[in-house]
Amino acid sequence: MSAPRRLCAVAALPDGVTLIDAPGARLEETILLVRRGDRIAGFVNHCPHMGFALDWKAERIALDGGAYLRCIHHNAIFRATDGVCVSGPCPGESLTAVALDVMDGEVVLVDQGCGGQKWSSD
Ligand code: FES
């Protein structure tokens, strides 16, 4: 287990979806931070249907104020609370959640493991 890695300041995170480059992540793998009030969830930007990024523009991913996330490729819809696909070509499959915490006003990645992906710059 590595030290928590800072992603962004909570105060800078708007409601809805924000795309964040994870420290040490490969260029094509970003994290979707989903904020709804005090709740912040994170998922790897990687659709379980065919493995593409959901999109590269956060405003095209968020539906219903961030309650749902949409993959632009074949229109899979995921619940933002748990990342489960509720409509589209991969029902029941899930986005890969990342473990987040808030420390000193910062959103941090607390787990170096991420669906088998090592999020590490070491
Ligand atoms: S790759 Fe996301 S719905 Fe097909």
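This text goes with the structure placed above it.
So, here's what we can say about the structure.

Calculation criteria
All residue numbers refer to position in the chain's written sequence, counted from 1. For a predicted model such as this one, the threshold for reporting local features is a pLDDT of at least 70, and the threshold for listing and counting side-chain atom pairs is 80 or more; totals across whole chains, interfaces and linings nevertheless cover every residue. A run of H or I in DSSP becomes a helix once it reaches four residues, and a run of E becomes a strand once it reaches two; helices and strands are each numbered from the N terminus. Exposure is read from a count of other C-beta atoms within 10 Å of each residue's own; the residue is exposed at 12 or fewer, buried at 20 or more and partly exposed in between. C-beta atoms are placed from the backbone. Two residues qualify as being in contact provided that their C-beta atoms, derived from the backbone, are within 7 Å of each other. Core membership is restricted to buried Ala, Val, Leu, Ile, Met, Phe, Trp, Tyr and Cys residues, and these are joined into a nonpolar core through C-beta atoms within 7 Å. When DSSP locates at least two bridges between a pair of strands, those strands are taken to pair.

**As for the overall build of the chain**
Next up, step 1: For the chain, the count of helices and strands is one helix and twelve strands.
Next up, step 2: With 122 residues in all, the chain has 31% of them scored as buried.
Next up, step 3: Considering only intrachain contacts with a sequence separation of at least 6, the fraction spanning at least 24 residues in the chain is 46%.

**What to know about the nonpolar core**
Next up, step 1: In this structure, Val17, Ile31, Leu32, Ile61 and Leu69 are the most contacted members of the largest nonpolar core, which totals 25 residues.
Next up, step 2: Secondary structure elements with two or more residues in this core: β3 (30–36), β4 (39–44), α1 (58–61) and β10 (106–109).
Next up, step 3: It is β3 that provides the largest number of residues to this core, a total of four residues.
Next up, step 4: When near neighbours in sequence (up to four residues on either side) are disregarded, Ile61 contacts Val17, Leu32, Leu54, Asp55, Leu69 and Arg70.

**What to know about the pairing of β4**
Next up, step 1: Pairing of β3 with β4, which is carried by six bridges, proceeds in the antiparallel orientation. In the strand pairing of β4, Leu32 is matched with Phe43.
Next up, step 2: Between β3 and β4, which pair antiparallel one after the other, the connecting turn spans two residues, and Gly37 there sits at a positive phi close to 70°.

**Some thoughts on the pairing of strand β9 (residues 100–103)**
Next up, step 1: Note that β9 and β10 share four bridges and pair antiparallel. For Val102, the partnering residue across the bridge sits in β10 and is Val107.
Next up, step 2: The turn linking β9 back onto β10 is made up of two residues, and Asp104 within it adopts a positive phi angle of 55°.

**Details of the sheet that holds strand β6 (residues 68–70)**
To summarise the sheet geometry, strands pair through backbone hydrogen bonds and adopt either a parallel or an antiparallel arrangement.
Next up, step 1: Read across the open sheet, the four strands follow the order β5-β6-β7-β8; overall the sheet is antiparallel. Strand pairing shows two members of the sheet lacking a second neighbour, β5 (62–63) and β8 (85–87), which therefore form its edges.
Next up, step 2: When β6 meets strand β7 (residues 77–79), the two strands line up antiparallel, connected through three bridges. Residue pairing for β7: Leu69 is matched across the bridge by Phe78.

**Regarding unusual backbone geometry**
Next up, step 1: Of note, Asn75 is a non-glycine position whose phi angle comes to about 65°, a positive value.
Next up, step 2: With respect to the helices and strands, the residue Asn75 is situated in the loop between β6 and β7.
Next up, step 3: One non-glycine residue, Asp104, adopts positive backbone phi at about 55°.
Next up, step 4: Owing to 8 C-beta atoms within 10 Å, Asp104 belongs among the exposed residues under this scheme.

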